[in-house]
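Results of the structural survey
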Amino acid sequence: MSSSQPKVGFVSLGCPKALVDSERILTQLKVEGYDIVPTYDDADVVVVNTCGFIDSAVAESLDAIGEALAENGKVIVTGCLGKKPEQIRAAHPDVLSISGPQDYQSVMSAVHQALPPKHDPFLDLVPDYGLKLTPKHYAYLKISEGCNHRCSFCIIPSMRGDLVSRPVDQVLREAERLVRGGVRELLVISQDTSAYGVDVRYAPGTWQDRSYATRMKDLCEGLSELGVWTRLHYVYPYPHVDDIVPLMAETHDGMPKLLPYLDIPFQHASPRILKLMKRPGAIDKVRERIARWRGICPEITIRSTFIVGFPGETDAEFEELLDFIEEVQLDRVGAFAYSPVEGAAANALPDPVPEALKQERLARFMALQADISADKLAAKVGSVQRVLVDALDGDLAIARSMADAPEIDGTVQIQDGFDAGLKPGDFVDVTIMGSDEHDLFALVAPQDD
Ligand code: SF4
């Protein structure tokens, strides 16, 4: 249709925050009349959105740039690794331009220079919710950039700067557009969701004739008006997280106001290690808080991440972590062996844990959590759950319950999904028939209508 249009190839690497950056750049490219093409051969220029969080991500980004240069030759680099231009230039001196995360302007200038736009407003219409890289029925909603914390293992603040919150009315309008475009689940992301609005002193904004503060709880109240699932990610364990848990137990038009799901990285359970990490160290308070949240909303799913083998972690401190995991029985857990990210303050700490020991600890940690997860999922057998269908796979419909975030958690595999005529984006009630360590197996439940 628009074969005479200039053509851009796009490689998107990294976390959901980088994905949102990619979506913004792609939307802008489309608005300006560029075709987005899927192969290097078809592209006139290639944009690579990189990740620079850990060493393996740096290597993957450098490889992706190398591949794009070899296959196409004209490459524009952006994203987190763009904060280290010398590292990119050392490996790939021929890239056309390098910019950091959220620097849409620089990416667009570089594209304009390499490939002047040819805008045809009749051919290049963009839906008003922009272009999305996720399936049509769920979308990431980025509410802020940067972070005011200085966790010693993390270089995000040095790459992305201090917290900058988006005005609440702007976020709510974006969410509204996404829902109009078919989105059924909003995944709220940031570096630190619970700090939302601190930088702007919780400034008020107006949406649908109502005033909302730029604050996590108000944002959740506003999103609950949209009649879709809202899931919170990257919630820092502040005391005021308590304020939003009651919303998870409330419904609005039959939908939970906020999904009973909290992605809250605790990182460790030893007060000394937490202190070295520059994270809140009052682990007893965390225990109390988890019990309180479960009291308010018994069906809450708590997901967390942990780092094992942090510099100086002793056998006893690692056992403390295992005891904590055993005791609090979190629903979903991710763990990483400590990896010294270039530029992180923690690298200077004494007594690094040898690699083999880190891996041994990680394996023990994951084995324990696998047992916990298997028991937790087995307890759901026989229950009826509302799920959201993501895809069809032969006879199966692959769906997720309120307890499952896309990409990182398990799935609910509906055995009779095809026969029941399910489609991606459908909500349906299912009866859980079986389970394993990660996933649930279900049949469509008799529907009420
Ligand atoms: S809260 Fe998260 S983004 Fe902020 S410094 Fe800590 S780990 Fe990094």
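To start, this report covers the structure provided alongside it. (Residues numbered from 1 in each chain as written. Predicted model: local features only at pLDDT ≥ 70, side-chain atom pairs only at ≥ 80, totals over all residues. Heavy atoms only, no water.)

Before going further, it helps to examine the state of the cysteines. The final tally for this structure, using the stated rule, is 0 disulfides. Summary of cysteine pairing: cysteine 51 is not part of a disulfide, and the nearest cysteine sulfur, belonging to cysteine 80, is at 5.9 Å. For cysteine 51, a relative accessible area of 13% corresponds to the buried category. (Disulfide = S-S within 2.5 Å. Buried < 20%, exposed > 50% of the residue type's maximum accessible area, 1.4 Å probe, protein only.)

Take threonine 78: it is sitting in strand 4 (residues 75-79). Within the structure, the side chain of threonine 78 is placed 3.2 Å from the backbone oxygen of glycine 100, a separation counted as a polar contact. Not counting the four nearest positions on each side in its chain, threonine 78 is found in contact with Ile25, Val47, Val48, Asn49, Thr50, Ser99, Gly100 and Val107. (Helix = DSSP H or I, 4+ residues; strand = E, 2+ residues; numbered from the N terminus. Polar contact = N/O pair within 3.5 Å; in protein donor to acceptor, adjacent residues only side chain to side chain. Contact = heavy atoms within 4.5 Å.)

A separate point is the sheet that holds strand 4. The strand order 2-1-3-4-5 describes an open sheet built from 5 strands, whose pairing is parallel. With one partner strand each, in any of the chains shown, strand 2 (35-37) and strand 5 (97-98) form the two edges of the open sheet. Across 2 bridges, strand 4 lies against strand 5 in parallel orientation. Each bridged residue has a counterpart across the sheet, and for isoleucine 76 the counterpart in strand 5 is serine 97. The strands that helix 2 (residues 55-71) touches are strand 1 (7-12), strand 3 (45-50) and strand 4; relative to strand 3, the one it contacts most, it runs at about 175°. (Pairing = 2+ DSSP bridges. Axes fitted to C-alpha atoms, helices over the stretch in contact; angles between N-to-C directions.)

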